[in-house]
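# What the coordinates show
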Amino acid sequence: MASLKTLYEPNTELGHALHTNFDVDFVIDYRFATTSKPEAEAQFVKLIETLNDVGLSTEVRNGDNCAVLIFVKVASERHLRAEVYRSRVQDWLYGVRTIAPDKEIQKNLEGEPITEAERLRLVYLLITKPRNEGGAGITPKSGEWKGVESIFALHDHTFNKAWIRDLTSKYFLTQQDLTTIRNRFGEKIAFYFAFMQSYFLFLVFPAGFGFCSWVLLGQFSPIYAIVNGLWGVVFVEYWKKQETDLAVQWGVRGVSKIQHKRPAFKHESVMTDPITGEEVKVYSPTKRLGRQLLQVPFALVAALMLGGLIALCFAIEVFISEVYNGPFKTYLVFLPTVILTIVMPTLSTLLTGFAAKLTDLENYETTDAHESAMVSKIFILNFITSYLPIFLTAFVYVPFAQVIVPHLDVLQLTVRPFAENEKQMKAPETGFKINPDRLKKQVIYFTVTAQIVNFALEIVVPYVSRRFFQKVKEVKADRAEKRGGGTASPSADDHPEEKAFLVRVRNEAELSVYDVTTDFREMIVQFGYLSLFSVVWPLTAVSFIINNWIELRGDALKIALETQRAVPWRADSIGPWLDALGFLSWLGSITTAALVYLFSGNGLGPAGTPWDIKVWGLLLTIFFSEHIYLGVQLAVRKALSKIDSPGLQKERSERFAVRKQYLQESFGQEAAEKAAVGGIAAGEKISRSTLEEEARQSTLRGRGTPEERFWMRQQGQAETIAIGKAYIAKAAPKATKETKKEL
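The notes below deal with the structure included here. Everything numeric here is computed off the predicted structure, so don't read it as measured data.

For the coordinates displayed, the defined rule picks out 4 cavities of 30 Å³ or more. By volume, the second largest cavity amounts to about 50 Å³. The wall of the second largest cavity is formed by Tyr171, Met196, Gln197, Phe200, Asn548, Trp549, Leu552 and Arg553. Elements with a minimum of two residues in the lining of the second largest cavity: helix 8 (187–216) and helix 18 (540–562). Counting residues per element, the lining of the second largest cavity draws most heavily on helix 18, at 4 residues. By residue class, the composition of the lining of the second largest cavity is 5 nonpolar, 2 polar and 1 charged.

Right, let's talk about the side chain of Asp519 for a bit. Looking at the element boundaries, Asp519 is found in helix 17 (residues 516–533). Side chain to side chain, Asp519 and Tyr514 meet in a polar contact 2.6 Å long. Every residue in contact with Asp519, bar those within four places of it in the chain, is listed here: Tyr192, Glu458, Tyr514, Asp555 and Lys558.

For any two helices packed against each other, one specifies the inter-axial angle together with the distance between the axes. Running from amino to carboxyl end, helix 11 (residues 295–323) crosses helix 14 (residues 367–404) at an angle of 35°, the nearest separation of the two axes being 9 Å. Judged by the twist between their axes, the crossing of helix 11 over helix 14 is right-handed. On helix 14, the residues touching Gln295, Phe298, Ala299, Ala302, Ala303, Leu306, Gly307, Ile310, Ala311, Phe314, Val318 and Glu322 of helix 11 are Ser376, Lys377, Ile380, Leu381, Ile384, Thr385, Leu388, Pro389, Leu392, Thr393 and Tyr397. Grouping the amino acids of the contact of helix 11 with helix 14 by side-chain chemistry returns 16 nonpolar, 5 polar and 2 charged.

This part takes up unusual backbone geometry. Even without a glycine there, the phi angle at Phe22 is positive, about 55°. By the secondary structure assignment, Phe22 is in the loop between helix 1 (4–8) and strand 1 (26–31). Classification of Phe22 by relative accessible area gives buried; the value is 3%. In this model, Lys141 sits at a positive phi of 60°, which is unusual for a non-glycine residue. With respect to the element layout, Lys141 can be found in the loop between helix 5 (116–128) and strand 4 (148–152).

Turning to a nonpolar patch on the surface, a few remarks are in order. There is a patch of nonpolar side chains on the surface, built from Phe211, Trp214, Val215, Leu216, Leu217 and Ile223 and spanning about 630 Å² of accessible area. Here the element with the most residues in the nonpolar patch is helix 8; it accounts for 4 residues. By the secondary structure assignment, Ile223 is in helix 9 (residues 222–249). The partly exposed category is assigned to Ile223, whose relative accessible area is 48%.

What follows deals with the sheet that holds strand 3 (residues 67–74). Sheet strands line up and pair through hydrogen bonds in the backbone, either parallel or antiparallel. Strands sit in the order 2-3-1-4 across an open sheet of 4 strands; the sheet is antiparallel. Whereas interior strands pair on both sides, the edge strands pair on one side only; in this sheet they are strand 2 (56–62) and strand 4. Shown here is a sheet whose adjacent strand axes are inclined to one another by a mean of 20°, direction ignored. Direction of pairing for strand 1 relative to strand 3: antiparallel, over a ladder of 6 bridges. When the sheet's bridge partners are listed, Ile28 is paired in strand 3 with Ile70. Here helix 5 sits on the sheet and contacts strand 1, strand 2, strand 3 and strand 4; the angle it forms with strand 1, its principal contact strand, is near 35°. Of the strands in this sheet, strand 1, strand 2 and strand 3 touch helix 25 (residues 717–731), which is tilted by about 25° from strand 2.

Cut-offs used in this document
- Residues numbered from 1 in each chain as written.
- Predicted model: local features only at pLDDT ≥ 70, side-chain atom pairs only at ≥ 80, totals over all residues.
- Heavy atoms only, no water.
- 1 Å grid on protein atoms, 1.4 Å probe; cavity = no way out; pocket = protein on both sides within 12 Å on 5 of 7 lines; lining within 4 Å.
- Points joined across faces, edges and corners; volume = space filled by probe spheres on them.
- Helix = DSSP H or I, 4+ residues; strand = E, 2+ residues; numbered from the N terminus.
- Nonpolar A, V, L, I, M, F, W, Y, C, P; charged D, E, K, R; others polar.
- Polar contact = N/O pair within 3.5 Å; in protein donor to acceptor, adjacent residues only side chain to side chain.
- Contact = heavy atoms within 4.5 Å.
- Axes fitted to C-alpha atoms, helices over the stretch in contact; angles between N-to-C directions.
- Left-handed = near helix turned anticlockwise from the far one by under 90°.
- Buried < 20%, exposed > 50% of the residue type's maximum accessible area, 1.4 Å probe, protein only.
- Patch = residues over 30% accessible without salt bridge, like charges linked within 9 Å, V, L, I, M, F, W, Y side chains within 5 Å.
- Areas by Shrake-Rupley, 256 points an atom, 1.4 Å probe, with all protein chains shown as cover.
- Salt bridge = Lys/Arg side-chain N within 4 Å of Asp/Glu carboxyl O.
- Pairing = 2+ DSSP bridges.

The structure is reproduced here in structure tokens:
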């Protein structure tokens, strides 16, 4: 993808490519590079037929690298309206909506127009939901659909251009901005921007107070520690209320009760629900609990591996900077950083992959439960890698340096090739002093330097690398074409009216998938630094408020340009990250109290002599700090609850009775039996007669719009299949001749 400037500048060659999506709802990237031609054709035919069976129209175009692009949209607006209405009725039956939708579909849709996010979400569900629930059951890279690389919606670049320009021209997001994001990208992403906005506004106070504390009170101030702790409590409790209010306003409060089944879920048996009479697929809770207990050894192993690596590099860094006094010391001090840079990503990737396998082993039935379990494991890994270095400095190096440093001689191996004599590698027996600025410099690194590096790795590096590889690909294609030995360009058969549009689609097909969980993780980790260690450097919040203003706009650029358009999923909260937020706020009451007790006064702390620490005083300080925190939390929660509106709760059996009765009155007995158990009636069939009627209407209106012509180039399922087979036959890898068998 091009940069914002080059992408949105007027370009006559692009024509309408950036201003129309030809009414495409989703694109399915079907690849067959490693599949035989007959198998690829058979799977393609099945894919088209399955999509048509649930009421979706399809068009096929050539793709890059042994692929075809299948364009999908709802066959008729009537079918879409029916799906939207069913979804809204389901929301009311599950308590998400407090008012039942009007029984007249047209009247309901006029009163509450269909948003783009709602449309795309329902079309995506039609593509991916199991067949017994009315969907096509297409799951990318899984089972019979292993050739489906991805399913993605196309970016609306006209909206993206206006949206990014609007964000970069204002300091704060308004309620209307959040509603716009929700209508375009779904509630899950809207909750992220809402959290960022609330967090940013709340940072104004600790930034201002922290600056005053830095000037007047200095570091390790008890006053700053108390105020910062109170701020953390108020922010967490306020956000709990705020996300509930947003959920009510957006009509998604309680939407988490409508769970989406995981295609990978493996049931052991089928039971009949005693209340609803539905057949429910069951997996043994005892067996799942046994597998969940594996999280304990996983956490221990992760702590041992990551903690051991961090501790080793920490010891090497202390040895080189505090003990070693030989040649190249200025350069050797970066050795631990180099080790961490090389080893840490590999180790983190290994543990993350293991965490994913462990989560799959736990075999959750719904996507929300699976995601929550995965987030908890990722949080453990990030907690270790983000906070352990500072914990080691504050609670190991500073109190115990006099005891530990003399034993670091075992690390002489790291500098022996450069040392001139043994004396340069031995700690002085007397007169050793710790580095009093080490803790503050470390906090500054993680709260300033690391934030800048992460932003570059998240936004700048992916863009530069993608542009580089795209240029390499173009150069190779040009050289192959000049030599006459290259394969035909995928755009060779493109219609002139679609050429620029299809180039853009092929570029979007190569983009990575946006995951809002990654952005949430960054903000929660950042909040942890503020809660746990900002008493060391009161300007922490000043750094964060600057970073977050840029981060929010950088994330918008990433969503609009750097990744595929995300599926607009609904949500009623920030999910398991809320628990992580509360945990870090609570832990901050402990660590801050300990830091103030150890370092207040001269700011040097125990100075490497643990014998000066009064353990009883430290424990008593932590005890009172934690209980004061819990008391304040209870008081703030109680005060905020006074202005919170309670939601309606009904028994499950009553919900089922109301659901069935309403559907009987609206759709009749047969539809009620299907919809009451969560199913959706089969989609509209696409026949030759309906397509001919559409063509006749288009002829009466003239040649039609470019969008209409796009969807009329292939007349029906048979022609789409025939053209798709031709693309596959043309791009499929040539079968190699078998070598002679050895006798």
